[in-house]
Amino acid sequence: MIQPVAHPARWGLHTTISGAAALGVVGLTLALGLRALLLGSGQFDYDEGVYWQSLHALRAHPLFASVYSSQPPAFLVLLAPAHRLLGGSLMADRLVVLMVSGCGLVAVYRMLSALDMPWGGLLAAALLGADPLFFRQSVTLQADGPAIGLALTAVALAAATRGRTGATRRLLAAAAGALVATAILTKLLAVAAAPAVAILLVAQPDWRRMAAGQVAAALAGGAAAAAALLLPFVGSWPQMWDQAVGLHIRARTAPTGGLDAGTMLRELPLVALAVAGAGVALRRAPVLLAAGVAWALAAVLVLVAHRPLWPHHVVVLTAPLALLAGATVQLLLEPGRQRHAPLIGLLLVAATLASALYVRSLATPDASRQSSVAALRATTTRHDLVITDDQYSAALASRRTPPELVDTSQVRVLSGELTAEQVEAAAQRWRVRAVLLDTRGMPSLSLLPGFREWLIERFPVVMDVGGGRVLYLRAVSRSGTRLYNA
């Protein structure tokens, strides 16, 4: 009996796909595993203390009407249920951030698979997982990582409409519209993904016949998601606009923010792969090229317009760069080029490990705050409120801030959005027991004109609690005995 002989070309293609799949899975597993190890690390960014206190405050106070937020509502709304269910720990909140951001890695694979680049999609997802900026934002309690994860998922759903018909196609389009709207209402920077979603919905073989229906479904999905997120706050829309949009308009002239050379240098390998991928996509995947370039250009425009601009905002650009880089990886792993696979695997592992070490180096150990945490616990009760520009230390001590002062950042102070009079009124209204100032890290309250004079008058007991932090207390302790200046 004559046995069939496997076709050499098919065998080579099968081997390539299997090797690429293995590389991609290993890269993604390593990226997610290393992220999980960092969830219990110290503070990565000042904003983490702000959002941690915000989530605590939402248990008893309404968002925007009482709890201040410089972001649209979706971020805190998405995190609040898990925050309550899992005990309100920082690790639990970061886990939700990682889960939503991690959806973006799966979405990168699914999008490129829909565009006939399955193993390029796997490696592109692993590449994005190894990117230091995306790595940082997927374990940090900030809105950027989840917003990009949702935006990537929306783009993948839009790409999945290709080859579908009827109700399935319209449902996918509606889901894409709903997710891109949710991403934008998580972080306004995610609006840069909208052009990519639109291109993927329209740039199809039967676009003349189906484009209008798909776009209508996407708009309906987006409107439904926006209504679900915004209507509960209808009574607070003026405050929402003032806090989430007005602050950034006023902050355009504030002398704070800025990008650093280190962030830009660490992103250069991804930029180089994306530029090469654009050349490959021009010949082989024009739809990918159009979507990726549209997102990247929109991201650049958003970054130019956004103020204040911080390094973590650049993550809005890493996502489309990773999509374009997938075309480069696809080319390198085609039959006849399998020799590149081991090198790509080693580079991915090295990049992922380097990103993990870099992000770990950014963490400020909780142990460095133990003296201030111990002082807060010794001089206040769990029911006492604390005014501070170091919200993270207060949260570590299980102490809460007035809801309108969960955010006392330099941006609010230097833009004129937060004044000494407002802080003083909050202290009186909430019968604040203590004030903790950070004079080294990101000092902000001490920059308010006249604030220190008022502070010394109303909180005369002064304690240097180390690490550049100073604790101010009212003159009577919780036991009723007189306290003296330390």
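Model, not experiment: these values are computed from the prediction. (Residues numbered from 1 in each chain as written. Predicted model: local features only at pLDDT ≥ 70, side-chain atom pairs only at ≥ 80, totals over all residues. Heavy atoms only, no water.)

Caption draft 1: The sheet that holds strand β1 (residues 386-388), seen in detail. An order of β1-β2-β4-β3 is seen for the four strands of this open sheet, with the pairing classed as mixed. A single partner strand is all that each edge strand has here, and the edge strands are β1 and β3 (461-464). Taking the axes of each pair of neighbouring strands and ignoring which way they run, one obtains an average angle of 20 degrees across the sheet. Note that β1 and strand β2 (residues 434-438) share three bridges and pair parallel. (Pairing = 2+ DSSP bridges. Helix = DSSP H or I, 4+ residues; strand = E, 2+ residues; numbered from the N terminus. Axes fitted to C-alpha atoms, helices over the stretch in contact; angles between N-to-C directions.)

Caption draft 2: Fine view of the nonpolar core. Met-111, Leu-152, Leu-288 and Trp-295 are the most contacted members of the largest nonpolar core, which totals 116 residues. Ranked by the residues each element gives to this core, the list is headed by helix α15 (residues 315-332), at twelve residues. The residues touching Leu-288, leaving out its near neighbours within four places in the chain, are Met-111, Leu-112, Leu-115, Met-117, Ala-281, Leu-323, Leu-324 and Ala-327. Counting 20 residues, the second largest nonpolar core, distinct from the first, contains Leu-385, Val-413, Val-432 and Val-435. (Core = buried A, V, L, I, M, F, W, Y, C linked by side-chain atoms within 4.5 Å. Buried < 20%, exposed > 50% of the residue type's maximum accessible area, 1.4 Å probe, protein only. Contact = heavy atoms within 4.5 Å.)

Caption draft 3: Quick look at the environment of Pro-205. Checked against the element boundaries, Pro-205 lands in the loop between α9 (194-202) and α10 (207-230). Judged by relative accessible area, which is 77%, Pro-205 ranks as exposed. Separated by 42 residues in the primary sequence, Pro-205 and Gly-163 place their C-alpha atoms 9.0 Å from one another.

Caption draft 4: Fine view of the pattern of salt bridges. Taken as a whole and judged by the stated rule, the model has ten salt bridges. Linking Asp-390 and Arg-369 is a salt bridge whose minimum nitrogen-to-oxygen distance equals 3.5 Å. In this pair, Asp-390 is assigned in the loop between β1 and α18 (391-396) and Arg-369 in the loop between α16 (340-362) and α17 (370-379), connecting sequence segments 21 residues apart. Judged by its relative accessible area of 3%, Asp-390 is buried. Of the residues examined, Arg-369 reaches a relative accessible area of 4% and is grouped as buried. Each of Asp-242, Arg-250, Arg-412 and Glu-417 takes part in one network of salt bridges that share partners. (Salt bridge = Lys/Arg side-chain N within 4 Å of Asp/Glu carboxyl O.)

Caption draft 5: Highlighting the side chain of Arg-412. Within the secondary structure, Arg-412 sits in helix α19 (residues 410-414). There is a polar contact of 2.5 Å between the side chain of Arg-412 and the backbone oxygen of Asp-407. With sequence-adjacent residues up to four places away left out, Arg-412 is seen in contact with Tyr-68, Leu-247, Glu-404, Asp-407, Glu-417 and Leu-418. (Polar contact = N/O pair within 3.5 Å; in protein donor to acceptor, adjacent residues only side chain to side chain.)

Caption draft 6: Local environment of the confidence of the model for the protein chain. Across the protein chain, pLDDT averages 87, with 90% of residues at or above 70. In the predicted structure, residues 1-17 sits below a pLDDT of 50 and forms nine contacts with residues beyond four places in sequence or in another chain. Scored below 50 in pLDDT, residues 480-486 makes 15 contacts in the model with residues more than four places away or belonging to other chains. (pLDDT = per-residue confidence, 0-100.)

Caption draft 7: Representation of α15 in the model. Spanning 18 residues, α15 covers 25 Å between terminal C-alpha atoms, matching the ideal 26 Å at 1.5 Å per step. Of all the 18 residues making up α15, 17 are buried; the element is thus mostly covered by neighbouring parts of the structure. (Expected span 1.5 Å × (residues − 1).)

Caption draft 8: Broad picture of unusual backbone geometry. In this structure, the amide linkage connecting Arg-307 to the following residue, Pro-308, adopts the cis form with an omega of -5 degrees. Positionally, Pro-308 belongs in the loop between α14 (286-305) and α15. The phi dihedral of Ser-398 falls on the positive side, at around 60 degrees, and the residue is not glycine.

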